[in-house]
Amino acid sequence: MNRQTTTIPPADVERQLACCREVAQLTSQWPQQPLAFVDTYGCQQNEADSERIRGYLREMGFGFTDDEEQARIIVINTCAIREHAEQRVLGNVGALVHVKRRHPEQLICLCGCMMQEPHVAQKIRQSYRHVDLVFGPHALWKFPEMVRDLLQQRGRIFSVADEAGSIAEGIPVVRQDKVKAWVSIMYGCNNFCSYCIVPYVRGRERSRKPEDILAEVRQLAEEGYKDITLLGQNVNSYGKDLPEPMDFADLLRAVNAIPGDFLIRFMTSHPKDATHKLFETMAQCEKVAPVLHLPFQAGNDRILKAMNRRHTRQEYLAKIRDLKALIPDIVLTSDIIVGFPGETTEEFEDTLKVLEEVRFDALFTFIFSPRVGTPAAQMEDSMPREEKLKNFNRLVELQDSISEEKHAAYVGKTVRCLIDGVSDDARYDLTARTPGNRLVRVVGPSQAVGQFRLVKITDSNKWSLYGELAED
Ligand code: SAH
Ligand code: SF4
Ligand code: F3S
């Protein structure tokens, strides 16, 4: 097994684009333009990967549909982070058997993190025989070649070899949004938190070259994108593998120097690598949004150690104090796992204490889910599910009251927000985001989408803010 990360030679990516042209030649002779249905589970990394899959599909001559019945090709990009995510995918893939019975020419492709788990690939091979193509994140760059082979000779293709991973530049993208864009700055993770599947399915940390990232952001800014998120599982360790020394704070400063009126966000940060230099850079760079997603997972040091997080509660709190001193209006969010194996209710209460001290604006909370092949899946886990649920509900309740109070403090203020879409709420036409990424539902005309506008906040609850456009 190759344990070195690699750069895919440009000629190899060019060969994939040639495969796209071959498929396009074929599809152009079909009576109608074929349509593709791409469904994405999981995190922003997967969203970004799906944009590249769509990019390839467009080059192959496909249009897009949200209706499985209309699709000549179905691509499901899966997530392995928790059991629940996997069950949903398997349920939906199982149901596709009926769709395919009505449309036997349909190609069904599964990709993403779940496919990189050997036991899942095996299950698909044996029990989901209507699936034609299975590939993990490592093989995404070869998608056109696999589609071409499937169209030329029916059969099944599995491309799920375990690898350290690679970087491929020059893959076309079809972005889902006209206002917000993702830019992957690195791939993989080296942290091996004991509960987490990501390092096993996404390979080792590898950073894109700064010039490639800057060129992509420059192009997005020129195209009028207003909200650009730099993505990686652990952006704070960006650059450690680059030949020239460049860390994440340096990259942020370089992105900030790109001309244009846009906001820069980034995720995810790991507390052990979040430095004073990063906080200072955030404070000094006017385009960097005043928001930090800094997962701490648990408030008890014994549990943090068992999670292999490599930071203590005090270290985490000290970083937050440092950051708040530099950026007093910083919006803070975090991820938390409840019910890690061996966590007692008393230890869980240390998590509540962190909430009370930091007062996060929002949280993403999860109940521990054992993942095959991770150390935590082997650990003794004796707390009954009801007790975990009780703790989980206490956490959610406490956070709800903090979020509600924090949101109430916005009422009466006028905030420069990015109007990012139309709202599904009949009373409010638009959705907007504060610089700290809090959701605002706004009354106003749809032409405002894509603009930074002053919004007067008139109301709030624990989930969001409400407001109206104010005169600039
Ligand atoms: N790279 C990011 C997080 C990626 S996964 C980071 O390190 O912060 C997103 C979140 O899912 C994690 O922060 C964690 O809270 C949660 N998570 C990961 N594995 C999990 C598991 N096995 N059970 C429950 N939650 C999990
Ligand atoms: Fe998973 Fe930890 Fe890596 Fe985040 S830092 S992706 S939680 S192993
Ligand atoms: Fe899921 Fe893979 Fe992201 S496991 S959370 S899609 S990196």
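Residues numbered from 1 in each chain as written. Chains lettered and ligands numbered in written order. Predicted model: local features only at pLDDT ≥ 70, side-chain atom pairs only at ≥ 80, totals over all residues. Heavy atoms only, no water.

J.: Give a description of the pattern of salt bridges that names residues and reports values.
T.: Inspection of the entire model under this criterion finds 32 salt bridges. One salt bridge connects Arg52 with Asp49, and the closest N-O pair in it is separated by 3.3 Å. Remark: Asp49 and Arg52 occur in helix H2 (residues 44-59); sequence separation between them is three residues, near one turn of the helix. Residue Arg52 is classed as buried on the basis of its relative accessible area of 15%. Among the residues examined, Asp49 registers a relative accessible area of 6% and is labelled buried. For Lys100, the salt bridge identified is with Asp132, shortest N-O distance 2.7 Å. In this pair, Lys100 sits in helix H3 (residues 83-102) while Asp132 sits in the loop between helix H4 (118-127) and strand E6 (133-135), placing the two residues 32 residues apart along the sequence. Here the two residues Lys100 and Asp132 agree in accessibility, since each one is buried. (Salt bridge = Lys/Arg side-chain N within 4 Å of Asp/Glu carboxyl O. Helix = DSSP H or I, 4+ residues; strand = E, 2+ residues; numbered from the N terminus. Buried < 20%, exposed > 50% of the residue type's maximum accessible area, 1.4 Å probe, protein only.)

J.: Help me get a handle on the pairing of strand E21 (residues 465-469), residues and values and all.
T.: The side chains of a regular strand alternate, residue by residue, between the two faces of the sheet. Burial analysis of E21 places four of its five residues in the buried class, which makes it a mostly covered element. Two elements, strand E20 (residues 452-460) and E21, share five bridges in a ladder whose sense is antiparallel. Bridge pairing links Ser460 to Leu465 in E21. Counting the residues in the hairpin turn of E20 and E21 gives four residues. (Pairing = 2+ DSSP bridges.)

J.: Go over the sheet that holds strand E2 (residues 35-40) with me, naming the residues and quoting the values.
T.: Adjacent strands of a sheet pair through backbone hydrogen bonds, lying either parallel or antiparallel. Taken in spatial order, the six strands make up an open sheet running E3-E2-E4-E5-E6-E7, and their pairing is parallel. The open sheet is flanked by strand E3 (63-64) and strand E7 (157-159), the only strands paired with a single partner. Note that strand E5 (residues 107-112) and E6 share three bridges and pair parallel. Considered in E6, the bridge of Leu110 is made with Val134. Relative to the sheet, H3 contacts strand E4 (73-78) and E5, its axis offset from that of E4 by approximately 170 degrees. Packed on one face of the sheet, helix H5 (residues 143-152) meets E4, E5, E6 and E7 and runs near 160 degrees to E6. (Contact = heavy atoms within 4.5 Å. Axes fitted to C-alpha atoms, helices over the stretch in contact; angles between N-to-C directions.)

J.: So, the domain arrangement of the protein: which residues are in play, and what are the values?
T.: The assigned domain composition of the protein is domain 1 (5-166), domain 2 (177-289), domain 3 (294-408) and domain 4 (414-469). The C-alpha-based centres of domain 1 and domain 4 are spaced at 36 Å. (Domains from an automatic or database assignment.)

J.: If you had to explain the packing of aromatic side chains to someone new, which residues and values would you point to?
T.: Applying the stated criterion across every chain, the model contains eight aromatic pairs. An angle of 85 degrees between the planes, with centres 5.3 Å apart, marks the rings of Phe192 and Tyr200 as edge-to-face. Ring centres 5.2 Å apart and planes at 40 degrees place the aromatic pair Phe296 and Tyr316 in the tilted group. Remark: Tyr316 occurs in helix H11 (residues 313-326) and Phe296 occurs in the loop between strand E14 (291-293) and helix H10 (301-306); sequence separation between them is 20 residues. Given the relative accessible area of 2%, Tyr316 is considered buried. Clustering of aromatic rings is evident, with ring pairs tying together Tyr195, Phe340 and Phe368. (Phe/Tyr/Trp six-rings, centres within 6.5 Å; stacked < 30°, edge-to-face > 60°.)

J.: Could you give an account of the nonpolar core, with specific residues and numbers?
T.: Leu230, Phe248, Phe266 and Met282 are the most contacted members of the largest nonpolar core, which has 54 residues in total. Shared between two domains, this core takes at least three residues from each, and those domains are domain 2 (177-289) and domain 3 (294-408). The contact partners of Leu230, leaving out residues within four places of it in the chain, are Val183, Ile185, Val217, Val235, Phe248, Leu252, Val255, Ile264, Arg265, Phe266 and Met267. Formed by 28 residues, the second largest nonpolar core is a distinct cluster that contains Ile8, Tyr56, Cys109 and Val147. (Core = buried A, V, L, I, M, F, W, Y, C linked by side-chain atoms within 4.5 Å.)

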